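# Inside the fold
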Amino acid sequence: MKSFQLIDARSPQEAASLLNKYKGKAQPLAGGGDLLYLMKDRIEGRQIQMPDVLVNLESIPKLDSISYEKGKGLKLGAMALVSDVEANKTIRERFPILAQAAAEVASPQLRNMGTVGGNLCQKPRCWYYRNAHLPCLKKGGSTCYALEGDNRYYHAILEGGPCYIVHPSDLAPALIALNSQVALVGPKQSRTIPLESFFVNTKQNLYQENVLKPDEIVQEVSVPEPKEGSRGFYLKSRIRKSWDFALASAAVQMEIAGGVCRDCRIVLGGVAPLPYRAKDAETALKGKKINEQVALKVAEEALKAAQPMSMNAYKVDLAKTLLKRAVLQAGKV
Amino acid sequence: MEKKSRIRLTINGKELELEAEPNRSLLEVLRDDLGLTGTKQGCDREECGTCTVLLEGVSALSCNLAVGMVVGRKVETIEGLGQGGGLHPLQKAFVEKGAVQCGFCTPGIILETEALLRRDPAPTSEKITERLFPHLCRCTGYAKILEAIEYGARLRRGEPAVVTASHQGYVGRPRSALDAEDKVTGRAKFAADLYMPDMAYAKILRSPHAHAIIRNIDTSEAERIPGVRGFVTGRNLRAVRLGVKPLLRPGRGTFQPVIAIDRVRYKGEPVAAVAADTREIAEQALAAVKVDYEVLESVIGVEAALKPDAPRIFPEGNVEQTQTITRGDIAKGFAEADVVVENWYYTPFQEHGYIEPEAGLAYVDTDGRLFLQACTQFPYQCQQSLAQLLGLKAEEVRVVATPVGGGFGGKYVEHAWILAALLAYEVRSPVKVVYTREESILSSTKRHAALMRFKTGASRNGRLVALEAELFMDVGAYFDPLVTRYTAVAAQGPYEIPNVLVKAAQVATNVQKSGAFRGLGGIQIAFAQEQQLELIAQQLQMDPWEIRYLNALRPGSVTATGHHLEEGVGISATLKAVRPYYEQALQVARAENGSRETASTWKRGVGLACGWRAYGGQSTDPTEATVELLPDGTLEVRSGLVELGVGSTTALAQMAADLMGVRLEDVHLIGGDTARAPFPYTTSGEKAVMMIGGAVCRALEELRAALTSVSAQALGCRPEEITFKGGNALQAGRKLPLDRLAALCREVGVPLKYQGAARWSGYRPLDPDTGQGVFCDLYAMRTQVAEVDVNTTTGEVKVLRVVDASDTGTVVNPILLEGQIHGSIVQGLGYALTEEFVPGQTATLREYGLPTVLEMPEMVVLFVGDKVPSTPFGAKGAGETAIVPTPAAIANAIAHATRARLRRLPAKPDRVLAALRES
Ligand SMILES: Cc1cc2nc3c(=O)[nH]c(=O)nc-3n(C[C@H](O)[C@H](O)[C@H](O)COP(=O)(O)OP(=O)(O)OC[C@H]3O[C@@H](n4cnc5c(N)ncnc54)[C@H](O)[C@@H]3O)c2cc1C
Ligand code: FES
Ligand code: FES
């Protein structure tokens, strides 16, 4: 393992200041589920270096809290455990799509250590990227090995290129479908942005999957209260029955009245370098009575722009199937 | 390295303060600094569960916690359970229920369960599987673990233990494995758990290229790094200086060097090995080695290697025609056939996936003898290799097998410990090696991938009349004919076919070498042949069961190699045994598919497959064993048997205990130690029990004869009146305890130690051109039924149930044999559905896709078949070959459900969807 210094932070601001102090050489440490894994394998290259300093967020009081206020919605501290999100009664009742997504993350043990912030900021699972010996494009090399190589499982069918990773998080699609906001803290300033615009594709930034500055941390994710009659559903497909990252996943959150969809948000996971908001599909769903044909049409629209790679065309069908099922499930009254 | 700090922790109730770098993993500190080696390292990447500890009572993976993250917290390890005497209820349950095979996964699973039970003393089975699935076990197939957890939970709640009535004798009775208690408590020392003062760590530099010439290796800079003790490379090998061939495994018809000499032929091939004070220094040293490669074109995959213009790995070419078998007249056979079916099939590499990575510790003792302890299945061959490589006499090398944390044929004479031993000999200090999971996956041997063409002909009534099979076995970078020969012999399947032509070739490619893996040969064949039968049955509108039963081998049948079969031919009995299950499954499937909405994306299917594989030694050399009655009246048995976690030693002890009328606890087995039990034996597992068991039985017969005559004299009766029971010689109510009898023997000068020998008598090497001969004495045979659900839109396959009937002869220990069969079935299921090794790419257990408890089907295990006259107690054993028909049965079931025929494995969602589109 790459050696590192561990510094406990006492507040989000202090964490950001520490990151600023060791600029470029420090990174926040949450559960360590992904970060220590990368450090052990030394997944680095010209553009991605392993940190010398880890700023421990666990020592920050209350950053792991989950709170709900009727009418205002839900607030998830960055250090809230994925297992707590999964088990939280209010979330299960009012934000079932989020509890479903949390239950799909890794394994019970890893959910017990993994945090909301870490889950959103984890690095992709492309096996070329994760192979320490391959100087792939994302690490600062000149080739994306997935283009010519084995791109069957964890590579993009949408918005790919120049690098073809897919975003690994299960929480992100659900949280975006719920129209969440994310609060970021820097040493001097804080900002709050829609979670959707937190993520970027590899054309926008090849080396980082989000807009975090090197001295910023995620402090909190807030989820607005869903409108009356709003329902959601998360579905994920994987190689083994459990334990694996998504081959594709679908998050659907919609308001329905009398079997008709008033409004909706649709996000796909495992198919693009970022959680993929399928706006055309949303248009196809809004104002429609939910049935097989409509669901099928929504799925077609969502994958209309798909450009599969040499070996992953099946993921297009897979994503369509999942989305169709998620629409029908969410629409079931 | 980071500065040390003082770290306070509570471990197993004791407050400790230790000096450690806060960035080291808790796992490493527990093992290296605190000697708590019950916590295992299977992957170091959060993917196996063996490192589980309790952190504040909650289960946590210690491999991914920096000690700096757990300062001041309470940690519990397996050593802390059942403290204060006696086993913890869960430990007791694991022992009793046969849930422990190799035992490497056991401590982690027990702790996980304990964490669950503290919060929920009576969990539902869903809750249990949910906690269990991240724990990988490669041996048990999870069924017995689930049973043990439920039983352990009951014990833990204070419910009374189920006491089994005591009975006469041991053979045929369920007994927990002899070493299980050591494994559930974490006391068992696996190779990675060994430490010595002044020990160096070995690391291996591996080729980054699949094929290259080594122009130069420069270790000079690396040697100057403080803490580096020495290097072994192809340039400074003692064997080369001695003029000996530097082979990893001498005498196997293979040229695989112990370390690359002037050329590398696969990515991951060892190029240099270093010994250094710490792992970090060893790694630094490797980074400082300069290797100048001239990269050559490489060839991966049999298809590519067969092309005429493929790059050559050996000057002779990439293909070696290894074995042809001909019987009857193939042209005439096909001319007579009413249906002929011809297809290509492909089965991929399979990683053994033992949860214990390769490890060993070697040193030169004060007498100058090289001493190696390693997790090898074959200590005797390691001894041979090392003696040859170092120019030593066999007695100057001692190899002891540590408990093997899963072998399955993959822990033979391996680079890991052979290089560590060579280093220890060079640098004259203890050297330890432990592979990372990545290097284990990258470099260890695999099951041969196989490309197979099957042309099968049958007459209108369903009789098989002709088979032509062309087999291309991907042997990897170094030729080795054995497995290819096994595959050729298996090609006809357990069926009578009058006209056969089999051509089997091994094909060299630029990947790690292929090697032995349980069910070898048979599994590839079954995948092809059993689907062929299905297609023929379809064309003839015949029942799949009928066509198998009609053609099944019977006593008196002659195989394609001309072997007249007499005993142990139970294939039809196994077919009969599964028949009711098969028919019931078909009914259920029909009802299920009928009741589901037509739009349902789930389809139920049922598949049948038979399997066989040659079973028995490849030589007529005898194997030997000794038995001795010790002064305290207990029995010592020395043999070449190594415990691989498959219960072989327990079975052997059961046989010995029954023959001598002593308690199981009073049989001391010594084996797997080249110095204390110098009886080389080359096969493993159950076959070894047949052979070594034979030798032990012979020796015991002599001992019994001697003891009978001495006790008859002492008791003043006829020898025929003497029996042995309960640790006594008995005659009409009078008894003479064995310790007294031993003393008497010494007084009258009757020896107490006897040697016995046994051999596979029938073996006649196959003629290379006609394949006529006797390849082995026995064949393992079985039938399976698989029931699956297939999702036609997502490509998911769920295996719901597998029914297995095997021809076992006498079952020495039903609980252990059942556990073996479960483990094999789940390995076969993984091979069929989730496991995939992509050369040069697959690096982690998650990527490889070992099945978890969530993939486990319901398993029904049936034992059938008659006693085998020629083996000890009439036993045949049939655990490991349960893997053979599983992929074929699953493929047939998928086809039954959907009409999609899979000619390539694994059936991952993408491939299932592709097959569905084609059908
Ligand atoms: C075997 C395995 C299987 C998995 N399967 C899945 C899966 O199926 N689905 C899924 O969604 N996830 C999966 N994961 C991810 C896992 O569950 C964790 O959510 C993830 O590892 C990160 O969580 P963490 O809290 O441990 O973060 P860390 O590993 O500590 O951090 C991850 C990254 O986020 C950064 N970071 C953490 N917190 C913050 C913050 N507050 N602000 C800014 N940056 C931050 C870190 O610097 C680091 O770069 C899997 C992981 C493993 C090891
Ligand atoms: S060693 Fe920690 S999970 Fe495998
Ligand atoms: S007993 Fe579980 S891995 Fe061997």
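From a predicted model like this one, the values you see are computed outputs, not experimental measurements. Each chain carries its own residue numbering, running from 1 in the direction its sequence is written. Chains and ligands are labelled sequentially in the order written, the chains with letters from A and the ligands with numbers from 1. Per-residue local features of the predicted model are confined to residues with pLDDT of at least 70, and side-chain atom pairs are confined, for both listing and counting, to 80 or more; whole-chain, interface and lining totals are unaffected and use all residues. Side-chain numbers here rest on the full set of heavy atoms in the structure, without hydrogens or water.

## Considering the overall build of chain A
Strands here mean DSSP runs of E at least two residues long; helices mean DSSP runs of H or I at least four residues long; both are numbered from the N terminus. The secondary structure content of chain A amounts to 13 helices and 12 strands. In terms of overall dimensions, chain A is globule-like: its C-alpha atoms have a radius of gyration of 19 Å, near the 20 Å expected for 333 residues. Along the longest, intermediate and shortest principal axes, the C-alpha atoms of chain A span 60 × 50 × 35 Å. Two residues qualify as a contact provided that any one of their heavy atoms is within 4.5 Å of a heavy atom in the partner residue. Long-range contacts, defined here as pairs at least 24 residues apart, represent 67% of the contacts in chain A between residues at least 6 apart. Per-residue and other accessible areas were derived by the Shrake-Rupley procedure at a 1.4 Å probe size, with only the shown protein chains allowed to occlude residues. Surface exposure of chain A reaches about 12800 Å², of which carbon and sulfur atoms provide 49%. C-alpha atoms define the radius of gyration, and 2.2 Å times the number of residues to the power 0.38 defines the globule rule.

## A short note on the pattern of salt bridges
All names here are of chain A. A side-chain nitrogen of Lys or Arg and a carboxyl oxygen of Asp or Glu constitute a salt bridge if their distance falls within 4 Å. Under the criterion given, the structure shown has 90 salt bridges over all chains. Note that Glu225 is salt-bridged to Arg94, the shortest N-O span being 3.6 Å. Note that Glu225 is positioned in the loop between β8 (217–223) and β9 (230–237) and Arg94 in helix α4 (residues 89–94), a separation of 131 residues in sequence. Of the charged contacts, one joins Glu255 and Lys227 as a salt bridge, the two residues approaching to 3.9 Å between their closest N and O atoms.

## Quick word on the site of ligand 1
Proximity is defined per residue: if any heavy atom of the residue lies within 4 Å of a molecule or strand, that residue is considered near it. Of all residues adjacent to ligand 1, which total 35 residues, the nearest are Pro28, Gly32, Gly33, Asp34 and Thr115 of chain A. In this structure, ligand 1 sits where chains A and B come together, each supplying nearby residues. Identification of polar contacts relies on pairs of N or O atoms within 3.5 Å, with a donor-acceptor requirement for protein atoms, meaning one able to donate a hydrogen and the other able to accept it, and with residues adjacent in sequence counted only if both atoms are side-chain atoms. A distance of 2.8 Å separates a nitrogen atom of ligand 1 from a polar backbone atom of Val218 of chain A. Protein chains shield 98% of the accessible area of ligand 1, which is 970 Å² for the free molecule.

## Things to note about helix α13 (residues 415–427) of chain B
In an α-helix there are 3.6 residues to a turn, and that puts residues three or four apart on one side. Residue and element names in this part refer to chain B. Given a rise of 1.5 Å per residue, 13 residues ought to cover 18 Å, and the 18 Å separating the end C-alpha atoms of α13 matches this to within 8%. Across the 13 residues that make up α13, a large majority, 12, are buried. Among the residues making up α13, those that are buried are His415, Ala416, Trp417, Ile418, Leu419, Ala420, Ala421, Leu422, Leu423, Ala424, Tyr425 and Val427. Positioned one or two residues after α13, Arg428 has a phi angle of 55 degrees, which is positive. Take the number of residues in a helix, subtract one, and multiply by 1.5 Å to get its expected span. Exposure classes here rest on a 1.4 Å probe applied to the protein chains alone. A residue is buried below 20% of its type maximum, exposed above 50%, and partly exposed in between.

## Notes on the sheet that holds strand β10 (residues 270–276) of chain B
Residue and element names in this part refer to chain B. Two strands make a pair as long as DSSP finds a minimum of two bridges between them. The mixed open sheet is built from 7 strands, whose spatial order is β8-β10-β6-β18-β15-β16-β17. Only two strands of the sheet have a single partner each, and these edge strands are β8 (228–233) and β17 (397–401). Mean inter-strand twist for the sheet, computed between neighbouring axes without regard to direction, equals 20 degrees. Against the sheet, helix α12 (residues 379–390) engages β16 (370–374) and β17, with an angle of about 150 degrees to β17. Lines are fitted to the C-alpha atoms to define the axes, a helix being fitted only along its stretch in contact, and any angle between axes, read from their N-to-C directions, falls within 0 to 180 degrees.

## Side note on the environment of Thr626 of chain B
All names here are of chain B. Its location among the elements puts Thr626 in strand β24 (residues 623–629). Each C-alpha atom, one on Thr626 and one on Tyr754, is 5.4 Å from the other, the two residues being 128 residues apart in sequence. Setting aside its immediate chain neighbours within four residues, Thr626 contacts Glu636, Val637, Arg638, Phe679, Lys753, Tyr754 and Gln755.

## As for unusual backbone geometry
For the peptide bond that leads from Gly161 of chain A to Pro162 of chain A, omega is 0 degrees, which places it in the cis range. By the secondary structure assignment, Pro162 of chain A is in the loop between α8 (145–148) and α9 (171–177). The amide bond that connects Leu905 of chain B to the next residue, Pro906 of chain B, takes the cis arrangement and shows omega of -5 degrees. As for its placement among the helices and strands, Pro906 of chain B is situated in the loop between α24 (886–898) and α25 (909–918). The phi dihedral of Arg428 of chain B is positive, around 55 degrees, even though this residue is not glycine. Here Arg428 of chain B lies in the loop between α13 and β18 (431–434). Non-glycine residue Ala732 of chain B carries a positive phi angle of around 40 degrees. For Ala732 of chain B, the position within the fold is in the loop between β28 (728–731) and β29 (734–737).

## A look at the side chain of Thr324 of chain B
All names here are of chain B. With respect to the helices and strands, the residue Thr324 is situated in strand β12 (residues 319–327). The class of Thr324 is buried, set by a relative accessible area of 15%. Aside from chain neighbours lying at most four places away, what touches Thr324 is Leu501, Val502, Lys503, Asp767, Pro768, Asp769, Thr770 and Gly771.

## Side note on helix α3 (residues 106–119) of chain B
Residue and element names in this part refer to chain B. Here α3 spans 20 Å end to end across 14 residues, near enough to the 20 Å set by a 1.5 Å rise per residue. Counting buried positions along α3 gives 12 out of 14 residues, so the element sits mostly inside the fold. When α3 is considered as a whole, its buried residues turn out to be Thr106, Pro107, Gly108, Ile109, Ile110, Leu111, Glu112, Thr113, Glu114, Ala115, Leu116 and Leu117.

## Concerning the confidence of the model for chain B
On a range of 0 to 100, pLDDT expresses the predictor's confidence in each residue. Per-residue confidence for chain B gives a mean pLDDT of 94, with 98% of residues at or over 70. Both scores are available for the predicted complex, with the pTM at 0.95 and the ipTM at 0.90.

## Looking at the environment of Thr283 of chain A
Residue and element names in this part refer to chain A. Relative to the assigned elements, Thr283 resides in helix α11 (residues 279–285). On the basis of relative accessible area, Thr283 is assigned to the exposed category, the value being 54%. C-alpha separation for the pair Thr283 and Asp263, spaced 20 residues apart in sequence, amounts to 8.9 Å.

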